[in-house]
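Structural description and commentary
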Amino acid sequence: QGLVPIEENISLKPYNTFGIDVNAKHFVSVNSIDELKSVLALKNYPRRLILGGGSNMLLTKDQNALVIHVNIKGIEIVSEGNDHVFIKAYAGENWHEFVCYCLDNDFGGIENLSLIPGNVGTAPIQNIGAYGVELKDTFVSCEGISVKTQNLETFSKRDCEFGYRNSIFKQHLKGKYILTSVTFKLTKCNHKLHINYGAITSELSEMNITNPTIQDISKAVIAIRESKLPNPKEIGNSGSFFKNPVIQKAHYSKLLESFSEMPNYPVSEDEVKVPAGWLIEKAGFKGKRFGNYGVHKKQALVLVNYGSAKGEDILNLSKLIQKTVKRLFDISIEAEVNIL
């Protein structure tokens, strides 16, 4: 059995931010790379589910699998010069706590990604992003263990094939590697600030800040997120449930005839991104409650569990939203959350 005890029939409620109460047939929490290797080497668990911060998943049923909770902690400076620092964070570190660590040390580059739920290890899979910044902007490399061979491998930025909320780990390497650490290149001085996306500029002026530091930007981002997004500790949720769809400009122009106030962000010469939250709100779902689950009152992108909702309830609600948005706008919106 190795050194790590495997538990049976464990509730996953504490391990997912939606707070869905389903059971794992087998469960283990690993605190080191060696423990992870020894668990992966066990032959009698054909089905496995990897769990990090549990912030990007909707559990719809009991998991007849070995659920491996990756709890490997640590932050270390790999190397540094006068201008930059290379910093490695292990997979089990809470993402926002890692951002705070960097801000405390005046390392710049990820302050716009403050308060994104989840752990460091799952951040590259999703290429997390917010307020004009994506993980890939500061990403150097990540390490991962092959589920098949238990070898530790390194992936460069190019290897990861990052896209919008996307990477090779969501595509043809899906389920094949467990990321154990991520290395970032951050600035130590002359920080490059990203303040002209979303409400950051107006938030900073409300705070009477004209010459913002990276810490100020983080405070502004936190204030904006807290005003719009429910805290998962209080109301079960997974942050943004849907991706912002990218549509053809021609389609957008046609929609403007009926919806003149429809916002957009240019993506390329012939494509624009439309905020999914706007579409969902327009479709009448914002703040709608169905018993113990529903759509958050301040942010239509967020589906919430008000109590003891089942994953299936939330899944059905998401499908209803997708169907309605498709009918009204002829736009397909995709879930950003993994549905299990």
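Going by the structure above, here's the rest.
Throughout what follows, the structure given in this document is the object of discussion. (Residues numbered from 1 in each chain as written. Predicted model: local features only at pLDDT ≥ 70, side-chain atom pairs only at ≥ 80, totals over all residues. Heavy atoms only, no water.)

**Quick notes on the sheet that holds strand β17 (residues 289–290)**
Quick note on the threshold: DSSP bridges decide pairing: two strands pair if at least two such bridges lie between them. Going along the chain from the N terminus, every DSSP run of H or I of four or more residues is numbered as a helix, and every run of E of two or more is numbered as a strand.
Strands sit in the order β13-β19-β18-β17 across an open sheet of four strands; the sheet is antiparallel. At either end of the open sheet lies a strand with only one pairing partner, and these are β13 (236–237) and β17. Pairing of strand β18 (residues 293–295) with strand β19 (residues 303–305), which is carried by three bridges, proceeds in the antiparallel orientation. In the sheet register, Gly 294 faces β19, and the bridge partner there is Val 304.

**Considerations on the sheet that holds strand β14 (residues 246–248)**
Through backbone hydrogen bonds, the strands of a sheet pair up, either in parallel or in antiparallel fashion. Just so we agree on the cut-off: To get an axis, a line is fitted to the C-alpha atoms, and for a helix only the part in contact is used. The angle between two axes follows their N-to-C directions and goes from 0 to 180 degrees.
As summarised here, the arrangement of the three strands in space is β14-β16-β15, forming an open sheet in which the pairing is antiparallel. Of all the strands in the sheet, just β14 and β15 (265–268) have a single pairing partner and so form its edges. Strand-to-strand twist across the sheet, computed as the mean angle between neighbouring axes with direction ignored, equals 40°. Both β14 and strand β16 (residues 271–273) contribute to a ladder of three bridges, which runs antiparallel. The residue of β16 that forms the bridge with Ile 247 is Val 272.

**Quick notes on the pattern of salt bridges**
Applied cut-off: Throughout this description, the term salt bridge denotes a Lys or Arg side-chain nitrogen within 4 Å of a carboxyl oxygen of Asp or Glu. For each residue, the accessible area found with a 1.4 Å probe, counting protein chains only, is set against the maximum for its type, and the residue is called buried under 20%, exposed over 50%, and partly exposed in between.
Throughout the structure, instances matching the rule amount to nine salt bridges. Here Glu 143 and Lys 88 are joined by a salt bridge, their closest N and O atoms 3.2 Å apart. On the criterion of sequence distance, the pair formed by Glu 143 in strand β10 (residues 139–146) and Lys 88 in strand β7 (residues 84–90) is long-range, its members being 55 residues apart. Neither residue differs from the other here; Glu 143 and Lys 88 are each classed as buried. For Asp 330, the salt bridge identified is with Lys 326, shortest N-O distance 3.0 Å. For Asp 330, a relative accessible area of 48% puts it in the partly exposed group. Among the ionic contacts, a cluster of salt bridges with common partners joins Glu 134, Lys 136 and Asp 137.

**With respect to helix α9 (residues 311–329)**
Filter applied, for reference: One less than the number of residues in a helix, times 1.5 Å, gives the span that helix is expected to have.
Over its 19 residues, α9 runs 27 Å from end to end, which matches the ideal 27 Å to within 8%, given 1.5 Å per residue. Along α9, the positions that sit buried rather than exposed are Gly 311, Ile 314, Leu 315, Leu 317, Ser 318, Ile 321, Thr 324, Val 325 and Phe 329. The first or second residue beyond α9 is Asp 330, which carries a positive phi of 55°.

**Regarding the packing of aromatic side chains**
Threshold: Centre distance within 6.5 Å is the pairing criterion for rings of Phe, Tyr and Trp, where only the six-membered ring of Trp is used; planes under 30 degrees apart are then read as stacked, over 60 as edge-to-face, and the remainder as tilted. A ring has a charge above it when a Lys NZ or an Arg CZ is no more than 6 Å from the ring centre and no more than 35 degrees off the ring normal.
This model, assessed by the stated rule, comprises 13 aromatic pairs. One aromatic cluster is present, formed by Phe 18, Phe 241 and Phe 242 through successive ring pairs. The positively charged end of Lys 273 is found above the aromatic ring belonging to Tyr 164, 4.4 Å away from the centroid. Geometry around Phe 285 places Lys 288 over its ring, the cationic atom sitting 5.7 Å from the centre.

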